[in-house]
Structure formats: structure tokens, C-alpha cells
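# Examining the three-dimensional arrangement
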Amino acid sequence: MPCWRESEHTASAVMKLIHEIRVKMHEEEFFMPTKTKVKPTVDGGPTLRLGLPKGSLQDATFKLFSKAGYRVQVDSRSYYPSIDDPNIECILVRAQEMARYVDNGIFDVGITGRDWILEQNADVVEIAELKYAKGGFTPVRWVVAVPEDSPIKTLKDLSGKRIATELVGYTKRYLKSKAIKADVEFSWGATEVKPPRLADAIVELTETGSSLKANKLRIVAVMLESTTCIIANKKAWREPWKKKKIDDLTMLLQGALAAEEKVGLKMNAPRSNLKEICSLLPSMHAPTISHQTDPEWVSLEVILDEKQARNLIPRLKRRGASGIVEYPLNKVIP
């Protein structure tokens, strides 16, 4: 082979190696647990390092952020979402790992389930509950389940049995607190299919229980109820700029959640029936009443639960209200 081709091949290999080293250095800079200073953004401002849950909570979390006023986007193969706030830097990780990374200071703030905080014994600041899950707004449950025909009827019957679960650490501590000795082993998935051949019982996450029923399993006990939480690293929480940023983010996320099942109603009401119409209106406070150019009419506006609107609107119409408009809400800040 001519020497110039050897040189070209060598140069190409060197450039590839340099690129790999640069990528590695960038990753290490982001994940360095010992990093203590606030990293500046491109525009020179400080940065809040935010961990977002990858997996079942991802879509619901992105939707919540959108209602809170943040546009978060990510390519299907990427773990680094973009966000339209120059002072926030995001990365996607599994909710199961989030609390550990926040505890270690890799993230300043993260969103995960309280179950995984307990599983990892993470020493973090629990800022607030964000009551949402992949299927709705009710807490999820970790339950002890067995086959329908199993002789296991109570927790005490688990003594000496083999239990499969993803929530190993918390399950062991929970059983120990009940003086129950059992063999708890980690499950990599498809946990519902393991009883009775691969395990005597399972500890599994459920929202509705439908998957357990489909696999002919019955619930022996509810071990833990869990909601989504926003958590912060203790050192980051003591930094004034980061604490304010986290507080603002939390307020907007909670406001978006509060608005999820509420709507606004606007209407015109004749003064002659005003007292009767107002008596029908539920509201966070009193309804807002505005004067109109016609002294015989006023405008009313209220916020109420969405499920109340379909029964209320016909009643309001019968009492003389007109021009009734129902509209969705993005945020409700108390």
C-alpha cells in the first residue's frame, strides 16, 4: 500500500479517537458527582440540572410541563431533551434511578415516584407531591399478589416463601418490620407470570389491578401507595438561586395539575335571577360578577370541576343564564 494511504488511514483513526475523547469528556463533565459550582449556560446565566423520568411517566411528564408553560422536546433515540428555558438543563433517566442521582448531586432536582425514593433510601428534599401517573391522577400501589388458588391468605403466610419483585430493598425492610422471613429476589420484568412456578408470590406495581386479574392473581395486601414527587439535592436546595428556580418550577407544575380536572364557565345573567343563579355555582371562592352596559344584566365567571359542568349548564340555562361558555384551563395557582 502506498505510504500516503497509510498516513490517511492513521490520520482518520486519530481524528475519530479525538472525537470520542471529547464526547467522553463532555459526558463526564455533566455527570461528575463532585461538581459543586453552578454551571453557566451559553448566555452566561446559572443552570439548574433537571432529571426527567424515562419510560412510563415520560409522556405524562412532558404533557404536564407543556401545561406549566415549558416546551420540552426530545428525539426518540436521545436522552437529552431540549427545553425552552436557557437556565434548565435536562436529561432522561429511569425513575428507578432518579433519587440516587439527585442524592449524589448529579442532578439538582428530579421527578420520580416516592416508592423509588424509599427503595434507594435516598437522602433528598421532597419538595412536593405531583399527583399524576401514566394512566391518570390517582396514586399507584405496590401490592403483594399470589395465584387465585394459592394457600397464602395473609402476610404471615409469606414466611419461608419466595417473592419476586423489582422493589427488593423496600420489600425486605417491610417484611422485616412485620417479623416475616422470606426469600425476596429481584425480578427483571414480566413479574406477573412468575407465580406459582418461579415464585410463590410477587410484589408488583398496579394502578387498576386489571393486569393482575388478567394473570389470575389476587391481592393479599397493599404494601405501599406512591405518588410522583419532585425532589431536590440538599446542597442545591440551600443555594438561593436554585431554590427559587425549583420553587417557581414546582408552583407552575402544581398549578398545571390543579387545572387538569377543572374548567372555567362564563355566562350572562339577568339581575332578576342573579341570586338564584349564584346559588347553583360552585367555585374556588365567590363567582366573579362584572357589570354590563345593559343595567339589567351582569356577567358571571367561575372555576369548577369539569365533571360538574355537564349537569350544571342545563340548570343555569333554565334559570335564565345565556351566552354560556365553557373553557379549559392550563394552570390554577391558589
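See the structure above.
Residues numbered from 1 in each chain as written. Predicted model: local features only at pLDDT ≥ 70, side-chain atom pairs only at ≥ 80, totals over all residues. Heavy atoms only, no water.

### Things to note about the nonpolar core
Grouped together as the largest cluster of nonpolar side chains are 27 residues, with contacts concentrated most on Leu52, Phe65, Tyr70, Ile111, Ile230 and Leu253. Contributing elements (two or more residues each) for this core: β1 (48–54), α2 (58–68), β4 (88–94), β5 (109–113), β6 (125–130), β12 (228–232) and α8 (240–259). Per element, the largest residue contribution to this core is 5 residues, and it comes from α8. Excluding its chain neighbours within four sequence positions, the residues that come into contact with leucine 52 are Thr61, Phe62, Phe65, Val72, Pro81, Cys90, Ile91, Leu92, Val93, Met98 and Ile111. Listed in part, the 22 residues of the second largest apolar core include Val146, Ile163, Val168 and Leu175. (Core = buried A, V, L, I, M, F, W, Y, C linked by side-chain atoms within 4.5 Å. Buried < 20%, exposed > 50% of the residue type's maximum accessible area, 1.4 Å probe, protein only. Helix = DSSP H or I, 4+ residues; strand = E, 2+ residues; numbered from the N terminus. Contact = heavy atoms within 4.5 Å.)

### Quick notes on the packing of aromatic side chains
Geometry of an aromatic ring pair is reported as the spacing of the ring centres plus the angle between the planes. All told, the structure shown has 5 aromatic pairs when counted by the stated rule. Measuring from centroid to centroid gives 5.7 Å for tryptophan 116 and tryptophan 142, while their planes differ by 90°, and the two rings are edge-to-face. With tryptophan 116 in helix α4 (residues 114–119) and tryptophan 142 in strand β7 (residues 140–147), this pair connects stretches of sequence that are 26 residues apart. Tryptophan 142 carries the same exposure label as tryptophan 116, and that label is buried. Lying across the ring of tyrosine 79, lysine 54 places its NZ or CZ 5.1 Å from the centre. The ring of tyrosine 327 carries the charged tip of lysine 266 above its face, separated from the ring centre by 5.7 Å. (Phe/Tyr/Trp six-rings, centres within 6.5 Å; stacked < 30°, edge-to-face > 60°. Lys NZ or Arg CZ within 6 Å of the ring centre and 35° of its normal.)

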